[in-house]
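Observations on chain architecture
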Amino acid sequence: MAEIVKRYPPDRKRAAMLPALRLVQEILGHLPPAALEQVASKLEVSKTACAEVATFYSMLRLEPRGRYSVEVCTNVSCSLCGGEQILRHLEQKLGIHAGETTPDGRITLREVECLASCGTAPVLQLDEEFHERLTPEKVDALLATLA
Amino acid sequence: MDDRAPLPATRPATLLPPGGPAPQVERVVSRRWGTPESWTLASYERDGGYAALKKALAMKPAEVVDVVKKSNLRGRGGAGFPTGMKWSFIPKDNPKPRYLCVNADESEPGTFKDRYILDNDPHALVEGLAIAAYAIGAHTAYVYVRGEFKRQAERIDGAIREAYAKGYLGPSVAGSGYALDAHVHRGAGAYICGEETALIESLEGKRGWPRLKPPFPAVVGLFGAPTVVNNVETLANVPIILDRGAEWFAKLGTEKSGGTRLMCVSGHVKRPGVYEISMRTTLRELVMDVCGGPEDGRAVKAVIPGGSSAPVLAPNELDVACEFEALKAAGTMAGSGGVIVMDESACLVRTLWRISKFYADESCGQCTPCRDGTPWQEALLYKIESGQGTPADLETLISVATAICPFPPMGLGNTICALGDAAALPVHSFVQKFRPEFEAHIREHRCPFPDPWGATARRWGPSGETPKGWS
Ligand SMILES: Cc1cc2nc3c(=O)[nH]c(=O)nc-3n(C[C@H](O)[C@H](O)[C@H](O)COP(=O)(O)O)c2cc1C
Ligand code: SF4
Ligand code: FES
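Treat the numbers as computed from the prediction; the structure is a model and nothing was measured. (Residues numbered from 1 in each chain as written. Chains lettered and ligands numbered in written order. Predicted model: local features only at pLDDT ≥ 70, side-chain atom pairs only at ≥ 80, totals over all residues. Heavy atoms only, no water.)

**Focus: the pattern of salt bridges**
- Applying the stated criterion across every chain yields a total of 43 salt bridges over all chains.
- The salt bridge involving Glu128 of chain A is made with Arg186 of chain B; its shortest N-O contact spans 3.1 Å. Taken as a pair, Glu128 of chain A in the loop between strand S3 (124-126) and strand S4 (129-131) and Arg186 of chain B in strand S3 (residues 181-186) lie in two separate chains rather than in one.
- The class of Glu128 of chain A is partly exposed, set by a relative accessible area of 26%.
- Note on Arg186 of chain B: relative accessible area 21%, which makes it partly exposed.
- A salt bridge links Lys357 of chain B to Asp361 of chain B, with the shortest nitrogen-to-oxygen separation between them at 3.7 Å. (Salt bridge = Lys/Arg side-chain N within 4 Å of Asp/Glu carboxyl O. Helix = DSSP H or I, 4+ residues; strand = E, 2+ residues; numbered from the N terminus. Buried < 20%, exposed > 50% of the residue type's maximum accessible area, 1.4 Å probe, protein only.)

So this is what it looks like as structure tokens:
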């Protein structure tokens, strides 16, 4: 944390907000109120300022999610190449809708916007790793690798 | 499973059309892609890397700005603003520190070139940012990388570390006495943070809310100090300009814009991908010759030439050069270089609905026309696409788009930032050019195209709920 804060001018500690929140989230899995409070006090900003940021960005999570996160792009290029079918296939395989977590808490499925991988559409990210040129078969193979 | 290795950028970036003379282009930005371990310092130095930085450091900063001005380099982030001129707007008499921000937020749908630069040639960006920072007198640079780019952030972070270790960054850059620090700052998922003032707000640890301009970032930017924000591709072009000279670079391009362009082609083509092309190449050559056109001999129905916010072009409008001025004259824009191709199997109402949904979701909500208009557009398009639209809905759709952006194809209407225009311009252009398709949906009370969800259709909200604004 100290190393993160050092990247910004000493009177601008607040600039470390995103990296700090991401770091905490990486450790805890999500951002509970106590974590926000701690980050706020470390960076010398109000709790509301911190909460405001935490709710603005789609990758910051106030609620816990599954062990794995599967994020499927359905934006234009992916949509033209079958992104929705991939999402639909995942929904059927996992028995959940986009935005939900499997009952065993293993996988959270999300529908996301363009992942800058449109040339290799359709794509998904599994825990921030790209998987490209997807077919239902490739999705099945990917799911089989998850513990 | 792992499609990432070997690096995907090894496709022929040089234009090699199957028949007839077409503009040949020297690979500039992508010249090192596909070299083994191209992202390492050792590989970069083997190819003559960091010589341009040393050359720049031996010049006066103002001379470096002049070289870049003469090269006719224009910004590759969206607006195409002349880069040298942008640098020269930094006030000389302001005692505050100056900052350079690299915009690696790449999130405009259809755009995926910066990702390839970060993956394949991060040192070109580090060298480019060091030259740019020296030219504007900045001693700190931040690379704002979009949150979802994990490996790309690691690549650029690795390159920065290597550069520090070798003395290309730090208290005395390449022994010149000029000090420069560079840091990676990862975003956290928000399209709007690609807008330069939102990027600055986000870097300051706030929500990504665009600021009213003026003042421009060159005067009041990061931490209230003079700041230049440049796109990744823009800066990756800078070293070779110093290396080979401004004239050489300018000659590669057209009269008003130097160099080559990375184009990202996606959608319905046989060979999608990133291609480095001459700016004299036409959109038709790019789509049909370089990328092979649509599969199974289907015809092209529509092409978006510069990311999803650029007005769409009809098949008879494709003989236009992939260049800023030419595309502007054609009533659209070069934007971010994201070319999205739709063939005759695509439903354009649905495509426009998906584009509108994106902008509705990503609007930051500061300006009324954008906050209220974008979900309204989406709801109306959803209604039409699902067969429940009326002729009046189509008129309402146009008037909503007009309220956001009154003078299409001109931007900068009634909103703080250009996201409002980005949301309204596609609506204007799709309806204007493909009106019969919208009318068919209304007349037949259904979408004439197959349902992309498959047999068991469901509502289109993210989790099956009805979209906002739709009753
Ligand atoms: C809504 C919106 C999103 C943008 N997203 C990006 C982006 O993801 N990457 C980028 O380089 N520029 C983006 N821009 C353009 C930037 O505001 C800015 O013009 C650019 O970074 C300047 O760099 P350049 O002069 O090198 O092109 C966006 C602009 C708007 C209005
Ligand atoms: S135009 Fe839209 S995104 Fe831009 S500042 Fe206004 S409300 Fe926010
Ligand atoms: S549209 Fe899916 S990655 Fe760009």
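Still more to cover.
**Here's the deal with the site of ligand 1**
Residue and element names in this part refer to chain B.
- Close to ligand 1 lie 18 residues; Gly77, Lys86, Asn103, Asn231 and Thr234 are nearest.
- Arg76 places a main-chain nitrogen or oxygen 3.2 Å from an oxygen atom of ligand 1.
- At 2.7 Å from an oxygen atom of ligand 1 is found a side-chain nitrogen or oxygen belonging to Thr234.
- Considering ligand 1 on its own, with 620 Å² of exposed area, one finds that the protein chains cover 90% of that surface.
- The greatest single-element share of the shell around ligand 1, amounting to 3 residues, is contributed by strand S4 (residues 227-231).
- Per-class residue counts for the shell around ligand 1 are 4 nonpolar, 8 polar and 6 charged. (Near = heavy atom within 4 Å. Polar contact = N/O pair within 3.5 Å; in protein donor to acceptor, adjacent residues only side chain to side chain. Areas by Shrake-Rupley, 256 points an atom, 1.4 Å probe, with all protein chains shown as cover. Nonpolar A, V, L, I, M, F, W, Y, C, P; charged D, E, K, R; others polar.)

**Some points on the pairing of strand S8 (residues 338-343) of chain B**
All names here are of chain B.
- Here S8 lies mainly inside the structure; 6 of its 6 residues are buried.
- Residues of S8 alternate between two faces, with Gly338, Ile340 and Met342 on one and Val339, Val341 and Asp343 on the opposite face, all of them buried.
- Sheet analysis places strand S5 (residues 261-267) next to S8, joined by 4 bridges and oriented parallel. Bridge pairing links Cys264 to Gly338 in S8.
- Two strands pair when backbone bridges link them, and strand S7 (residues 300-304) and S8 are joined in this way by 4 bridges, in the antiparallel orientation. Among the inter-strand pairings, Ile304 is bridged to a residue of S8, identified as Ile340. (Pairing = 2+ DSSP bridges.)

**Digging into unusual backbone geometry**
- The omega torsion of the bond from Ala121 of chain A to Pro122 of chain A falls at -10 degrees, within 30 degrees of zero and hence cis.
- Along the chain, the position of Pro122 of chain A falls in the loop between strand S2 (107-112) and S3.
- Here the residue pair Pro214 of chain B and Pro215 of chain B is connected by a cis peptide bond, since its omega of 0 degrees sits within 30 degrees of zero.
- Locating Pro215 of chain B in the fold gives a position in the loop between helix H8 (196-203) and S4.
- A positive phi angle, close to 70 degrees, is found at Glu128 of chain A, a residue other than glycine.

**What about the side chain of Ser429 of chain B?**
All names here are of chain B.
- By the element assignment, Ser429 lies in helix H17 (residues 419-444).
- The exposure class assigned to Ser429 is buried, which follows from its relative accessible area of 5%.
- A polar contact of 3.1 Å, which involves the side chain of Ser429, links it to the backbone nitrogen of Val312.
- One polar contact links the side chain of Ser429 to the main-chain carbonyl oxygen of Pro426, over a distance of 3.1 Å.
- Each residue touching Ser429, except ones within four places of it in the same chain, is listed here: Pro311 and Val312. (Contact = heavy atoms within 4.5 Å.)

**Digging into the domain arrangement of chain A**
- The assigned domain composition of chain A is domain 1 (2-56) and domain 2 (68-144).
- Here the C-alpha centre of domain 2 of chain A lies 30 Å away from the C-alpha centre of domain 1 of chain A. (Domains from an automatic or database assignment.)

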